[in-house]
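Residue-level structure breakdown
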Amino acid sequence: AKTDLNMHVSRMARRHLGKQDICYETTSLDQGGFQTKLTISCLGGIWALHAFVGEISSQKSDAENSVAAVALGALKQDEHLMGKAAQPSSRMIKADRFFESEAAKAALAAQAAQTAQADQTDQTDQADQAAQAAQAAQTDQAALTDQADQA
C-alpha cells in the first residue's frame, strides 16, 4: 500500500517525492500494538491539512500500510487529483515525441530506399530497351546488307 500511495501521490504532485512529502508518525499504544498517522504535504489545499489514521496493528509496518491504504482510498475519491495522476508526465510526452520522430525518420528512409530501388529498376529497364533497340538495328542493318548483296 505504501508503494502504491507513493506512486499515486508522485503522479498527482507531478514530481518526484522528497522525505517530507509523505510523513508517517507511528505511535506505540499502551494496550499494545501500533497506530500510524499520515500527512501528505506536497498535494496542497485540504490534503496538506488532513491527517489520516490507520488501524491498530501488532506490527509497525502493518500500521503504516494500513494508513497508506486509507489515504490512497480517500485520494482516489478526488476526481481532480485522479485527473492529474492520469495525465502523462513530461518525460513520457518527450519520449512519445522522440519515438514519433524516429518512426518518421525510418518511414522517410524506407521511402527513399523504395524510390532508389524503383529508379534502379527504371534504369535497368531503359538499358534493356536500349540493348533491344541496338540489336534490332543490327538485325535491320544485316538484312539491308543481305538485300544489297543480292541485288
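Above: the structure in question.
The following paragraphs examine the structure supplied in this document. Here the structure is a predicted model, which is why all the values come from computation and not from measurement.

For the rest of this paragraph, the subject is the overall build of the protein. The helix and strand inventory of the protein stands at 5 helices and 3 strands. Seen in sequence order, the protein has helices and strands lined up from the N terminus as α-β-β-α-β-α-α-α. The C-alpha atoms of the protein give a radius of gyration of 38 Å, which is well past the 15 Å a tight globule of 151 residues would have. Its C-alpha atoms put the protein at 135 × 30 × 25 Å along the principal axes. In the protein, the share of contacts with a sequence separation of at least 24, taken over all contacts with a separation of at least 6, comes to 49%. Approximately 10700 Å² of the protein is accessible, and the part contributed by carbon and sulfur atoms is 52%.

Moving on, we get to the nonpolar core. In this structure, Leu 5, Val 9, Leu 38, Ile 40, Leu 43, Phe 52 and Leu 75 are the most contacted members of the largest nonpolar core, which totals 18 residues. Contributions of two or more residues to this core are made by helix H1 (2-13), strand E2 (34-40), helix H3 (60-75) and helix H4 (79-86). No other element matches H3, which puts 5 residues into this core. Excluding residues within four positions of it along the chain, Leu 75 makes contact with Leu 5, Val 9, Met 12, Ile 40, Leu 43, Trp 47, Leu 81 and Met 82.

The next subject is the sheet that holds E2. With respect to topology, 3 strands assemble into an open sheet ordered E1-E2-E3, the strand pairing being antiparallel. What marks the edges here is a single partner per strand, and that holds for strand E1 (22-28) and strand E3 (51-53). Taken over all neighbouring pairs, the strand axes of this sheet differ in orientation by 20° on average, direction set aside. Bridge analysis of E2 against E3 gives 3 bridges, and the strand direction is antiparallel. Residue pairing for E3: Thr 39 is matched across the bridge by Ala 51. Sitting on the sheet, H1 is in contact with E1 and E2, with an inclination near 150° to E1.

What follows is about the packing of H1 against H3. Where H1 meets H3, the axes come as close as 8 Å, and the angle between the chain directions of the two elements is 35°. The handedness of the crossing between H1 and H3 is left-handed. For the pair formed by H1 and H3, the contact residues are Lys 2, Asp 4, Leu 5, His 8, Val 9 and Met 12 on the first element and Glu 64, Asn 65, Ala 68, Ala 71, Leu 72 and Leu 75 on the second. Among the residues making up the contact of H1 with H3, the classes are represented as 7 nonpolar, 2 polar and 3 charged.

To continue, consider H1. Between the first and last C-alpha of H1 there are 16 Å, a value that for 12 residues agrees with the 16 Å anticipated at 1.5 Å per step. Listed in full, the buried residues belonging to H1 are Leu 5, His 8, Val 9, Ser 10, Met 12 and Ala 13. Looking one or two places after H1, you find Arg 14, whose phi comes out positive at around 65°.

Right, let's get into the side chain of Thr 36. Relative to the helices and strands, Thr 36 resides in strand E2. Every residue in contact with Thr 36, bar those within four places of it in the chain, is listed here: Tyr 24, Glu 25, Thr 26, Phe 52, Val 53, Gly 54, Lys 60, Ala 63, Glu 64 and Val 67.

Definitions and limits used
Residues numbered from 1 in each chain as written. Predicted model: local features only at pLDDT ≥ 70, side-chain atom pairs only at ≥ 80, totals over all residues. Heavy atoms only, no water. Helix = DSSP H or I, 4+ residues; strand = E, 2+ residues; numbered from the N terminus. Rg over C-alpha atoms; globule rule 2.2 N^0.38 Å. Contact = heavy atoms within 4.5 Å. Areas by Shrake-Rupley, 256 points an atom, 1.4 Å probe, with all protein chains shown as cover. Core = buried A, V, L, I, M, F, W, Y, C linked by side-chain atoms within 4.5 Å. Buried < 20%, exposed > 50% of the residue type's maximum accessible area, 1.4 Å probe, protein only. Pairing = 2+ DSSP bridges. Axes fitted to C-alpha atoms, helices over the stretch in contact; angles between N-to-C directions. Left-handed = near helix turned anticlockwise from the far one by under 90°. Nonpolar A, V, L, I, M, F, W, Y, C, P; charged D, E, K, R; others polar. Expected span 1.5 Å × (residues − 1).

Purely spatial values, then, with no claim about function.
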